[in-house]
Each structure stands twice: as structure tokens, then as C-alpha cells.
Amino acid sequence: HVCPAGTYNAFNGGQGVGACSPCPAGLFSATPGSSVCDECEAGSVASVAGMSQCVRCKEGQYQPLKGASECRVCATGTWSAEGAVDCAMCDGGFVKNSTSDPGEECTSCADIEGVDCPRDTILATMKVSEGYWRHSN
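Residues numbered from 1 in each chain as written. Predicted model: local features only at pLDDT ≥ 70, side-chain atom pairs only at ≥ 80, totals over all residues. Heavy atoms only, no water.

1. Describing the pattern of salt bridges
- Enumeration over the complete set of coordinates arrives at two salt bridges.
- In this structure, E82 engages R56 in a salt bridge whose closest nitrogen and oxygen atoms are separated by 3.1 Å. Residue E82 is located in the loop between β9 (78–79) and β10 (89–90), and its partner R56 is located in strand β6 (residues 55–56); the two are separated by 26 residues in the primary sequence.
- Accessibility expressed as a relative area gives 46% for E82, which makes it partly exposed.
- Here R119 and D91 are joined by a salt bridge, their closest N and O atoms 3.1 Å apart. On the criterion of sequence distance, the pair formed by R119 in the loop between β13 (115–116) and β14 (127–128) and D91 in the loop between β10 and β11 (94–95) is long-range, its members being 28 residues apart. (Salt bridge = Lys/Arg side-chain N within 4 Å of Asp/Glu carboxyl O. Helix = DSSP H or I, 4+ residues; strand = E, 2+ residues; numbered from the N terminus. Buried < 20%, exposed > 50% of the residue type's maximum accessible area, 1.4 Å probe, protein only.)

Below, the structure written as C-alpha cells:
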């Protein structure tokens, strides 16, 4: 018999159901008869042993490393798309100067009067309320 997806048998070319081991958390086996398990790509995880595919990290989570078993939560003020390897966007209520500097921190819009900062706002896209103005580049 062939080892089912999510398991492997390193000694017998993926054969012998009784000798199959579940892939450890962080690793997966998509095809039956595997002799090895593969690492999940960055941005996805295998949270429990025996998975046949990796699951992409949800919005607001990220995973920069391959072979991980859990996604990390974005820091306050930051956000990510599904399957992200970092939290490069600002969350609602936060802004940063540009998207070109990945290390730039998001700052709160709470102290800036007359602006709205929806998710993924940069200075150039900040929404200015009627009756307010700002300098432009």
C-alpha cells in the first residue's frame, strides 16, 4: 500500500501504510507515496501534523519563514494581505509616508485633524475632509 497524502515513509519509497508517519507541523505531503515532506512556503503554514497542503496566513497575519507551523499577528497599526510574508500595509487609522520604504513605521492619524486613514493609507492617498487642506509634493 502507498502512504496517503499528509504522510511519508522515508525507508520504503512511500510504501507500506503501517510504516507511514504523519508529516510534522510546518511540513506537508501533497501526493500519496511520498518519501519526504516538503516545507510550507513563507506566507503559509501547516499548523498540525499530517497535513496534505499548507494554509495561507489570513489577512492581518504573516509568516516570513519557510516550514512554519503558525502565522504571526501583525503589530498594532500594521496590516497584511492573505498569504503575506510581512505586514507592509498600515491598518485603518494609521498612515506612513510611502510604500517604497518597507522599514517605515505606520503612525496614528488620531492626532491629525480633518483626515481619514482607511487601511493601506500612505501620505499621497490620505483622505482630507471637506474644509481642510494639506501641502502636496
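2. Considering the packing of aromatic side chains
- Tallying each qualifying case throughout the model produces zero aromatic pairs.
- Stacked on the ring of W79, the Lys or Arg R119 has its end atom at 3.7 Å from the ring centre. (Phe/Tyr/Trp six-rings, centres within 6.5 Å; stacked < 30°, edge-to-face > 60°. Lys NZ or Arg CZ within 6 Å of the ring centre and 35° of its normal.)

3. Quick word on the side chain of T121
- Its place among the elements puts T121 in the loop between β13 and β14.
- Only 2.4 Å separates the side chain of T121 from the backbone oxygen of P118, close enough to count as a polar contact.
- Not counting the four nearest positions on each side in its chain, T121 is found in contact with C90, F94, V95, K96 and M126. (Polar contact = N/O pair within 3.5 Å; in protein donor to acceptor, adjacent residues only side chain to side chain. Contact = heavy atoms within 4.5 Å.)

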